[in-house]
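Okay, here's what each chain looks like letter by letter:
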Amino acid sequence: MVKETYRVEGMHCPNCAMNVESIEDDLPGIKQVSASYQKGRMVVEFDEAKVSEAQILAALEKRGYQAFPA
Amino acid sequence: MNQLIVAFITGLTTGGLSCLAVQGGLLASSLEQQLEHQLDLQIEQEIAARRAHRSGKKRDRILAHPRLALPILLFLAAKLTAYTVLGFLLGALGSVLQLNTVTRAILLIAVGIFMVGNALRMFNVHPIFRYFAIEPPKFITRYIRRTAKNEESFFAPLFLGALTVFIPCGVTQAMMAVAVGTGRALQGAALMFAFILGTSPVFFVVAYLAMQLGARLEKWFMRFVAVVLLVLGLLSVNSGLTLIGSPLSVTNMVQAAKAAQPDLASAPVPLSDGVTLYLSAGNSGYSPRVLHARADTPITLNVVTNRTYSCSRAFVIPALGEEKLLPESGTETISLPAQTAGTVMRFSCSMGMYTGEIIFDQ
């Protein structure tokens, strides 16, 4: 299990943070996503054996956001 | 029962507009978050549609119909609940709970800064303004996400609706005083419920029409909301400054610039002689706006009302800490201690919307 922090672009309001966090439901390998609109960041805790970073970023892009390693 | 009907009608007529002027900013703040959310959903759909187009699939209808009635209803429901609880407490305690002038001024200024900060956030002036957005605690967002799969945001309108309890308009304060007077918890709660229920249709209609129009204009409307928020925020700060009698408030600066104003209020009052002053508190403000009093002499101020139902009934002299709820019709006599020549004593309604001053001359 690893914990990575990302800078997220495209969040316009606190609801977006909730939207970003919902990738938890999209990918089974993600344990927890904690996003902050105020900081423009998200912290993802995931199982590298089940899901890759590329898959996480792709899931996020599907929802209209772009993430970069912080 | 009669009292409840009167409270409902008062809310429906004067209360709705008066409260909208004071609390409209909070409603705009909650709807602004909802509109932003709708906009994000739309962007997501556009991305999906573009992908579908690239892969040769039939393009789905893009625009989601914005659900704006729900956040407005949630805001109003939270407001109704909060005020009903307040009515219950006021009725039970029978007194005390009224906020004093300074506390209310600080709240108005704080709410104003909150609105201005949010407007600047929406204009993307600087990321620091993101801290003005209300970010609900994680356990709540998680709960909302898990239970409400439709991804509507309930927190902001509910929270902000309940917050209106801290910035009641003059008419609401008058009703709060009546709730205190009932001396019974359930009656106080019923009274506030009837009154706030009465104010709700005006709130809903104005907000819904404004937002329906806005959803079609998309991003431009977000800027419009930001401008409205900015103006309401500055007005709120100004009302707060007026309330504490600050000469820095725009109202007081304008007042100082144009000394004598034509009479606005309806009730005719006797002429003041410098020692006994007469002031009319009408539905559209105080008249005359500038009174002249003799310096170094105790003064008697008679504030006259004649079928006055507006904010001006909640009469405040910040410098003296004087606060009176005037009768709908009648005369309230206030004794002013002797003041030195050149003193300017400001008075206003309790929300700082209507103002005037007493100048002490040689």
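A brief structural summary. Treat the numbers as computed from the prediction; the structure is a model and nothing was measured.

Criteria and thresholds
Residues numbered from 1 in each chain as written. Chains lettered and ligands numbered in written order. Predicted model: local features only at pLDDT ≥ 70, side-chain atom pairs only at ≥ 80, totals over all residues. Heavy atoms only, no water. Helix = DSSP H or I, 4+ residues; strand = E, 2+ residues; numbered from the N terminus. Buried < 20%, exposed > 50% of the residue type's maximum accessible area, 1.4 Å probe, protein only. Contact = heavy atoms within 4.5 Å. Areas by Shrake-Rupley, 256 points an atom, 1.4 Å probe, with all protein chains shown as cover. Core = buried A, V, L, I, M, F, W, Y, C linked by side-chain atoms within 4.5 Å.

Thoughts on the overall build of chain A
Then, in step 1: For chain A, the count of helices and strands is three helices and four strands.
Then, in step 2: Mapped in sequence order, the helices and strands of chain A form the string β-α-α-β-β-α-β.
Then, in step 3: A buried classification covers 50% of the 70 residues belonging to chain A.
Then, in step 4: Within chain A, contacts between residues separated by at least 24 positions form 60% of all contacts whose residues are at least 6 apart in sequence.
Then, in step 5: When the accessible surface of chain A is totalled, it reaches about 3300 Å², and 44% of it is carbon and sulfur.

Some thoughts on the overall build of chain B
Then, in step 1: Counting its regular elements, chain B contains eight helices and nine strands.
Then, in step 2: Going through the 362 residues of chain B one by one, you find that 50% of them count as buried.
Then, in step 3: Within chain B, contacts between residues separated by at least 24 positions form 72% of all contacts whose residues are at least 6 apart in sequence.

Thoughts on the nonpolar core
Then, in step 1: In terms of nonpolar packing, the biggest core is built from 23 residues, with Met11, Val20, Ile30, Met42, Val44 and Ile56 of chain A touching the most fellow members.
Then, in step 2: Counting only elements with at least two residues in this core, the list comes to β1 (2-9), α1 (14-21), β2 (30-36), β3 (41-46) and α3 (53-62) of chain A.
Then, in step 3: Beyond its immediate stretch of four places on either side in the chain, Met42 of chain A contacts Glu4, Thr5, Tyr6, Val8, Val20, Val33, Ser34, Ala35, Ile56, Leu60 and Ala67 of chain A.
Then, in step 4: Within the second largest apolar cluster, 21 residues are counted, among which are Ala281, Leu291, Leu301 and Phe347 of chain B.

Looking at unusual backbone geometry
One can expect most non-glycine residues to show negative phi and most peptide bonds to be in trans.
All names here are of chain B.
Then, in step 1: Residues Ser287 and Pro288 are joined by a peptide bond in cis, for which omega reads -10 degrees.
Then, in step 2: Here Pro288 shows up in the loop between β2 (285-287) and β3 (290-294).
Then, in step 3: Phi is positive for Asp296, close to 60 degrees, though the residue is something other than glycine.
Then, in step 4: Looking at the secondary structure, you find Asp296 in the loop between β3 and β4 (299-305).

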